[in-house]
Each structure stands twice: as C-alpha cells, then as structure tokens.
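Coordinate inspection notes
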Amino acid sequence: MSVNVDKLSVAYRSHRGDVTAVDNVSFSLADGEIMGLAGESGSGKSTLGNALVYLDPRMKATGGNVTVDGKDLPISDNNAMRHRRMTEVSLVPQYAMSALTPTRKIGKLIHDLLKSHHIKDREAVLTELKRRLELIGLKDDVLSKYSFELSGGMRQRVTIIMSTLLNPSLLVADEVTSALDVSTQRAVGEMLLEFRDRGYIKSAIAITHDLSILAQIADSIAIMYAGRLAERAPTSVIVDNPLHPYTQALLNSLPEVGVRHDQVTLTGIPGRPPSLMNPPAGCRFRDRCPFAFAKCTETPAFEEVRPGHMVACWKVSQEHADTATAGHGQPAAKLPVEEQV
Amino acid sequence: MTTLKLDQVSKLYRSTARGGGLTPALRKVSFELKPGEVISLIGESGSGKTTIGKVLLRLVRPTSGTVTFDGKDIASYSGRGLKEYYRHVQGVFQDPFSSYNPIYRADRVYDLVRSSYFPKVSDLEWSAKIEAALDAVALNPGDVLGKYPHQLSGGQQQRLLIARALLLDVKVLVADEIISMLDASTRVDVLNLLVKLKRQGLAILFVTHDLSLGNYVSDRTIILRHGAIVEMGATEKIFSNPQHDYTKMLLTAVPELHKKWQHAALDPVAVSANGAAAAGAGLNGKGAAALSHATMLDEITHAEQVVKRDLRAVFGGGRAVASGKSQVAVALEPPTLHEFEPDHLVAEPE
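Sequence order as written defines residue numbering, which begins from 1 separately in each chain. Following the order in which they are written, the chains are lettered starting with A and the ligands numbered starting with 1. The predicted nature of this model means local features are confined to residues of pLDDT at least 70 and side-chain atom pairs, given and counted, to a pLDDT of 80 or more, with totals for whole chains, interfaces and linings taken over all residues.

1. A look at the overall build of chain A
Under the scheme used here, helices are H or I runs from DSSP no shorter than 4 residues and strands are E runs no shorter than 2 residues, and both carry numbers assigned from the N terminus. Broken down by element type, chain A carries 10 helices and 12 strands. In this description the radius of gyration comes from C-alpha coordinates, and the expected globular size is given by 2.2 Å times residues to the power 0.38. Here the C-alpha atoms of chain A give a radius of gyration of 21 Å, agreeing with the 20 Å that 2.2 N^0.38 yields for 341 residues. If you line up chain A on its principal axes, its C-alpha atoms span 65 × 50 × 40 Å. Counting other C-beta atoms within 10 Å of a residue's C-beta gives its exposure: the residue is buried at 20 or more, exposed at 12 or fewer, and partly exposed in between, where C-beta atoms are placed from the backbone. Within chain A, the fraction of its 341 residues that count as buried is 48%. Distance between backbone-placed C-beta atoms decides contact: two residues are in contact if it is within 7 Å. Long-range pairs, those at least 24 residues apart, make up 66% of the contacts in chain A with a sequence separation of at least 6.

2. Re the overall build of chain B
Per the secondary structure count, chain B includes 13 helices and 12 strands. Across the 350 residues that make up chain B, the buried fraction comes to 45%. Once local pairs closer than 6 in sequence are excluded, the contacts in chain B between residues at least 24 apart make up 67%.

3. Topic: the interface of chain B and chain A
At the junction of the two partners, chain B supplies 43 residues and chain A supplies 50 residues. Broken down by secondary-structure element, the contributors of at least two residues to the side of chain B that touches chain A are α7 (184-199), α8 (211-217), α10 (245-253) and α12 (293-315) of chain B. The greatest single-element share of the side of chain B that touches chain A, amounting to 8 residues, is contributed by α7(B). Residues were grouped as follows: Ala, Val, Leu, Ile, Met, Phe, Trp, Tyr, Cys and Pro as nonpolar; Asp, Glu, Lys and Arg as charged; and all remaining residues, including Gly, as polar. Counted by class, the side of chain B that touches chain A contains 25 nonpolar, 12 polar and 6 charged residues.

4. Structural notes on the environment of A:Ala233
Residues and elements named next belong to chain A. Assignment of secondary structure puts Ala 233 in strand β10 (residues 228-234). In this structure the C-alpha to C-alpha distance between Ala 233 and Asp 219, which are 14 residues apart in sequence, comes to 8.9 Å. Each residue touching Ala 233, except ones within four places of it in the same chain, is listed here: Ser 220, Ile 221, Ile 238, Gly 308 and His 309.

5. Here's the deal with the sheet that holds strand β3 (residues 38-42) of chain B
All names here are of chain B. We call two strands paired when DSSP finds no fewer than two bridges between them. Read from one edge to the other, the open sheet built from 8 strands follows the order β6-β7-β8-β3-β9-β10-β12-β11, with strand pairing classed as mixed. The open sheet has two free edges, formed respectively by β6 (89-92) and β11 (337-341), since each of these has just one partner strand. Between one strand and the next, the sheet's axes are offset by a mean angle of 20°, whatever the strand orientation. Of the pairings in the sheet, the one linking β3 to strand β9 (residues 220-225) comprises 4 bridges and is parallel in character. Bridging across to β9, Ile 39 finds its partner in Arg 220. Set on the sheet, helix α6 (residues 154-167) makes contact with β6 and β7 (172-176); between it and β6 the angle comes to about 175°. For every element, the axis is a line fit to its C-alpha atoms; helices are fit only across the contacting stretch, and the angle between N-to-C directions ranges from 0 to 180 degrees.

6. Some points on the packing of helix α5 (residues 152-163) of chain A against helix α6 (residues 182-197) of chain A
In helix packing, the relevant descriptors are the interaxial angle and the interaxial distance, both defined with respect to the helix axes. Residues and elements named next belong to chain A. At a minimum axis distance of 10 Å, the contact between α5 and α6 shows a crossing angle of 10°. Between α5 and α6, the angle falls in the class roughly parallel. The interaxial crossing formed by α5 with α6 has right-handed handedness. For the pair α5 and α6, the contacting residues are Gly 152, Gly 153, Gln 156, Arg 157 and Ile 160 in the first and Thr 184, Ala 187, Val 188 and Met 191 in the second. Each angle receives one of four descriptions, namely roughly parallel if under 35 degrees, roughly antiparallel if over 145, roughly perpendicular if within 65 to 115, and oblique otherwise. Throughout, a crossing is termed right-handed when the near helix is turned clockwise from the far one, and left-handed when it is turned anticlockwise from it by less than a right angle.

7. Considering the nonpolar core
We define a nonpolar core as a collection of buried residues of the types Ala, Val, Leu, Ile, Met, Phe, Trp, Tyr and Cys that are connected via C-beta atoms lying within 7 Å of each other. Judged by nonpolar contacts, the single largest core of 94 residues is most densely connected at A:Leu37, A:Val172, A:Ala173, A:Leu192, A:Ala204, A:Ala206 and A:Leu214. It is α6(A) that provides the largest number of residues to this core, a total of 6 residues. Those residues in contact with A:Leu214 that sit more than four places away from it in its chain are A:Gly36, A:Ala38, A:Ala206, A:Thr208, A:Ile221 and A:Thr235. Listed in part, the 72 residues of the second largest apolar core include B:Ala163, B:Ala165, B:Leu251 and B:Ala347.

8. Some words on the packing of α6(B) against α7(B)
Residues and elements named next belong to chain B. Viewed as axis vectors pointing N to C, α6 and α7 meet at an angle of 15°, and their least axial separation amounts to 9 Å. For the element pair α6 / α7, the angle class is roughly parallel. Of the two possible hands of crossing, α6 and α7 adopt the one that is right-handed. Between α6 and α7, the residues in contact are Gly 154, Gly 155, Gln 158, Arg 159 and Ile 162 and Thr 186, Asp 189, Val 190 and Leu 193, respectively. Of the residues contributing to the contact of α6 with α7, the split by class is 3 nonpolar, 4 polar and 2 charged.

9. Description of α7(B)
With 16 residues, α7(B) should cover 22 Å at 1.5 Å per step; its first-to-last C-alpha distance of 24 Å lies within 8% of that length. Judged by how many residues are buried, α7(B) sits mostly within the fold: 12 of 16 residues are covered. As for α7(B), its buried residues are in contact with α9 (245-252) of chain A together with β3, α6, β7, β8 (203-208) and α8 of chain B. Phi turns positive, to about 105°, at B:Gly201, one or two residues after α7(B). Between the first and last residue of a helix there are one fewer steps than residues, each counted as 1.5 Å, and that sum is the expected span.

10. Here's the deal with the confidence of the model for chain A
On a range of 0 to 100, pLDDT expresses the predictor's confidence in each residue. Per-residue confidence for chain A gives a mean pLDDT of 87; residues scoring 70 or more make up 95%. Under a pLDDT of 50 for its full length, residues 329-341 of chain A has, in the predicted model, 22 contacts with residues more than four places off or in other chains.

11. Examining the sheet that holds strand β11 (residues 303-306) of chain A
Residues and elements named next belong to chain A. Taken in spatial order, the 8 strands line up as β6-β7-β8-β3-β9-β10-β12-β11 in an open sheet, and their pairing is mixed. For this open sheet the edge positions go to β6 (89-92) and β11, each flanked by a neighbour on one side alone. Sheet twist, expressed as the mean angle between neighbouring strand axes with direction ignored, is 25°. Of the pairings in the sheet, the one linking strand β3 (residues 34-38) to strand β9 (residues 220-225) comprises 4 bridges and is parallel in character. Within β9, the residue paired with Ala 38 across the bridge is Ile 223. The sheet contacts of α5 involve β6 and β7 (170-174), and relative to β6 the element is tilted by about 170°.

12. So, unusual backbone geometry
Residue and element names in this part refer to chain B. Here the phi dihedral of Glu 177 falls at roughly 50°; this positive angle occurs in a residue that is not glycine. In this structure, Glu 177 sits in the loop between β7 and α7. Overall, the presence of 19 C-beta atoms within 10 Å leaves Glu 177 in the partly exposed class. Of note, the phi angle at His 226 is positive, near 50°, even though the residue is not glycine.

13. Some thoughts on α5(A)
Residue and element names in this part refer to chain A. Between its first and last C-alpha atoms α5 spans 17 Å; for 12 residues at 1.5 Å apiece the expected length is 16 Å, and the two agree. Within α5, 11 of the 12 residues are buried, which leaves it mostly tucked inside the rest of the structure. Every buried residue of α5 is accounted for by Gly 153, Met 154, Arg 155, Gln 156, Arg 157, Val 158, Thr 159, Ile 160, Ile 161, Met 162 and Ser 163.

14. A look at the pairing of β8(B)
Residues and elements named next belong to chain B. The buried fraction of β8 is high, at 6 of 6 residues. Where burial is concerned, the two faces of β8 agree: the one with Ala 203, Leu 205 and Val 207 and the one with Ile 204, Phe 206 and Thr 208 are both buried. The pairing of β3 with β8 spans 5 bridges and is parallel. Its bridge partner being in β8, Ile 42 is matched across the sheet by Thr 208. Read as a crossover between parallel neighbours, the route from β7 over α7 to β8 is right-handed. Crossover handedness is defined by viewing with both strands directed away from the observer: a clockwise path from the first strand over the helix to the second marks the crossover as right-handed.

15. So, the environment of B:Glu84
The residue B:Glu84 is located in helix α2 (residues 79-88) in this model. Here the alpha-carbon distance between B:Glu84 and B:Thr50, two residues 34 residues apart in the chain, equals 23 Å.

Written as structure tokens, this is what we have:
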C-alpha cells in the first residue's frame, strides 16, 4: 500500500470551538491508484486533501495517522513536512489557475522550487522538465513567460507539471478540472492518467464535485458527506451499483448528454447537509435520507460489505448481514489496481 | 407575441493590454428568442456567450447590428422606456454569492424592485406577490425572508434571484451560467424550475459551457465559437447528429458516467506557447476524430490568430483603430451558415 490513512480527524479552530471537518476517516491507496474524492461543498473533501500535504494554521489534526510508502507522515509537524512535500506528497491547489504569482516568470518559479528543496543535480531535473512540457504539448518558451500570458488550460497544466516535478508518491489534485472548458478538462484529466502511467506520480487523490470526470479518470471513488466517508468502491461499482442512499441520490441528480427534461425528470436531494459546528448524532445523512429508520440515530461503521466496497449505512449493512446468513454472499471481486481502457 | 431578435450583432472589445488592438467578441450573430422557448447558448471561454447576454441586457452596446424587442430597437430606449424594458427582460448571473450585498438582508433586492417599479402597491399586496414568486421557485418564505446572504445556500440564493425577476412582468430571462457554482444535488432543482417557467411562457436564454445541462433544458441550441455561430437548431437534432467538427469535438470531450473517453496516449507534439507554429497542420486534412485534445487546443489558438491577422490587415499595424463600420464588417465576417436539414444550420469550416 503506498498511502494509508488511518482514523484521521482534522478540525478548524474557531472562536466558538473546534469544528471537525474531517471525522475519523480511513482509507488506503494502492500503487498506481487514482482515487476520486467527491462530495458537496462543505463536505470536508478539500480539508482532507489539504491536510495530507499542508496543515495551515487554522487547521489541526486531532487524531489518526498517515503513512506513505510505509513511512509515517508527520502531518502536524510543519518543519518535518517541509522535506516531505514535493518529493513524497504534493498538492495541486484549488484555484490553481491563480496559484502562479504574476510577478515571476514560470522558469524562475521552478528555479526557486528546486533551490528550496536543495536539489543538487538541477540540470537533470530541468532536462526532465523540458521533456514533460513537450509531452503535454507545451514548448519550453513557457518558461520565459509570466503566468498571465498563458491561457487557463496552460496555467493549469504548468501547475500540475510543477507539483509533480520531483515525482511525489502521492499527488492531491484539488478541483483541477473545475474551472475549465470541456475540451481543456479532458486534456488535463488525460494528463493525470498519463503521468500516473509513466510513473511520475505513484498515486493520486482527485478531489472534485463532478462525478462524471471521476468516472473518466479514477480507479476508485470515495464519497464524502459532512466530514465522513459514506462509500468507497472501484469506479465501475460506484457508478453502476452504488449502495449508499446518498451516492444513489447524487448520481440520480446528474443530467447526462442526450437526456432531456421531457423524457426524464431528474430530482435533486431535498434539504441541506448538517452544520459541522454541532453535528447531529448518528448517521449525518439521516435527515435527507428516504430510507432512514430508528437505527440511524447511531453512527454507522464504515465497513466492507463486499471486497473493496466500503459503506457506512445501517440499511446496507443490515441487508448485507441478511444475505450473508442466507448464504447468498456475492463472489469476491478484486479491487482493480490499475484499470486501463 | 414578444420576441427578442438579434440581427447581425457584432461586438469588438478594445484590448487594454500592451499593443492594444481589437478583439472580436461577437461576429454577426443573428437569432430569435420566442416566448416559451429555451435556447441554450453553448461555447467555451472566450466564445462570446456572455457578451450576447450582456448585449440583450443592454450592459454592453453592440459595435454593429441591432437587437429588437417586440419590433423596437432596444438601443432606442432611454429613461422610462428603458425601465419598462427591464420590467420584461431580466438577467441572473453565475455567482450568486457576489450578487448580494453582504451587509444587507438578502430580500433587500425585493425592496429595490418595489421602490422602482411598484411604489403604489400596498404592503399586503406586495407580500402576497413575494409569496407567489417564492412559491413559483419552490422556496418557503419562512426559510429565506429576513436572512442574510451567508445564511442561505447557493441554490437558495440563486432561486431568490429568479424569484426577483418573476416579481416583474418578465418575458425574457437571461440565465448566464446560473448553475455552474451550485452543488449537484441542488443544480437539478434550479434546472427543473427553468423548465416549469418555460411551460408558463417565459423565454429563457440559458448560457452555459456544460453540454449535458444545456441539452437537458433547451428546445434549441446555439454553438458559438470565436464569437460566431457554428451550429444552430433544434436541440435533439444537434445532439443526435452534430455536423460541425467543433460541435463533434465538444461532444466527445464531455465526461459521461457510463462511457469512458477513448484514451489515446499523448503524442509528443511540440507547439509554441502562443500556439502559432505547428498548429495549422493539426487540423487540415484530418477528420473530427483526429481533433485530439492537444491539437484541438492549439487549433483554437490558431483560429484566433487568423481573426487577429484579418483585423490587422484591415486596420493596419499592431495598433488598430476602428474608424468606420464598413471596415469592421470585413474583419468580422463569420463563416456562412447553410441549412443541413430543417431547423439545423451548420457553418462552413473556418
């Protein structure tokens, strides 16, 4: 396992007490796996992704631990993390389009990056950089340009190149496709796949609210709701056979190309996620869930109902227990490590 | 019947960047919006889709061409006439979070409508009117009235703004990317609301870059590129049988849940950052299938260069000056549209 996150909790400090934005989250990533992390705004998906790379002063880890390639990742210790960033874990920040300073040329930015990480053989890295730029269809004259001279898609691609230049084991890509046009979206999505295939990154977490993008690029998808993981399974299972009521509702609310209002009426999910300031006990989706019953006032465990398929839902685990006792358990399916098309 | 009609509308923006020059945002765009009709205006960034919305709302004056509402040129409106125009034509924009003043309660936008348009309406009548409008957008008055913007979700804020338009005697709604900032779970509610309003006779211009959303709500679709219409017609005709290479490329790039992109390994194509050099070769002679993402991106920049070159040819040098409408007309000549089938127009390749 290249990345292992165990019972991680992250809280924001606020003057009204701590707000736990990521609550007891556990998952692991295999080598070569791209995991999609999806959820509504405020579900804690960006907090989770950011915490693995940079815990900003407002945030603190309140429990759990993270290992990358078998080594502990000291996420609370900013000084120790400094040496691990870029080489082991790296982040493409949200709004990466505006992450590049307008006052420095791209080449100078990259130079600074190498200097601050005490890279001895800079020439080798720069040669590799030019090779990668060429791979994604940018000529190396972008290095002598300022960020505002590039189009949005170019800026996004340059940011990803910079984040992955030192071959991190884990890349956290936060909403990398959100602000882009469909054709550029596709280019950036395929770039992530290509970088994974070539081993520039070992594994990645792609954070987005757009499930259809994840269906294209992710090997597995984790669905987050109000700070907790609701479901995690290989992409094809989440898309075709989701078990958690929230995942099902989320998929039902997506219009697909070719679907028109006079043929199919899509439905949204009524209600809003609970406030994390004072979250209700039990399952947090309870109030919006059409299947909620008495048991849902207790917190459901995030457990494996089928090999590689984790769900936190009382209804699902009960049905699963029923079929298991009746002897109709599903045959084991292996989690695909690399799903190539 | 109130129709809004664009006739050969062009808009040139003067660039303030180094070197100056003019950017054609719209090139002779003509179409008609009828009552009870939803037209989705689809295009990538820089295609001019937002400019069309702004022209309709008279936030931007077209360089040439006319927009008529009920047969009357909207450029002729001023003062009271313009106010009456806004009674019928309203817009809702992309970012609900910046549409409100955070210092005031969200329903202040209604008070402003009242003081401008309904000063004589009694309190009782007015609150009945607000309730009816909120009911139409499926909001519960108790949940939203008297709240500050930060206490409302994006979906609620967006629906409040649509309700604001409904308070007026609105005939045309310009909806510019109104759901792109909303979560998937609330998006659909706003989409379904548009469908409901359309059935009541409202004409809606739905501006979006998301093809699946556009397809879901609209009767007719217009695909824009570099400010010109490349394909236009009945939505189902365009989506089931796209003719222009650009439309085809857009459709293959849309991420779908149950269908994977055809993932072809990237060719190491060298292209300069301003897209000039190797770009042209990518497109010529190859079909739509060959429009892979990389060549596609460069091909777009290439077409931009062609337009800019034309502009330079007309105005001369790097510092372009618009000195007469006839000159503008030459530079802005869009590709000609021909009829592929009834209610389905396709542009010549550029």
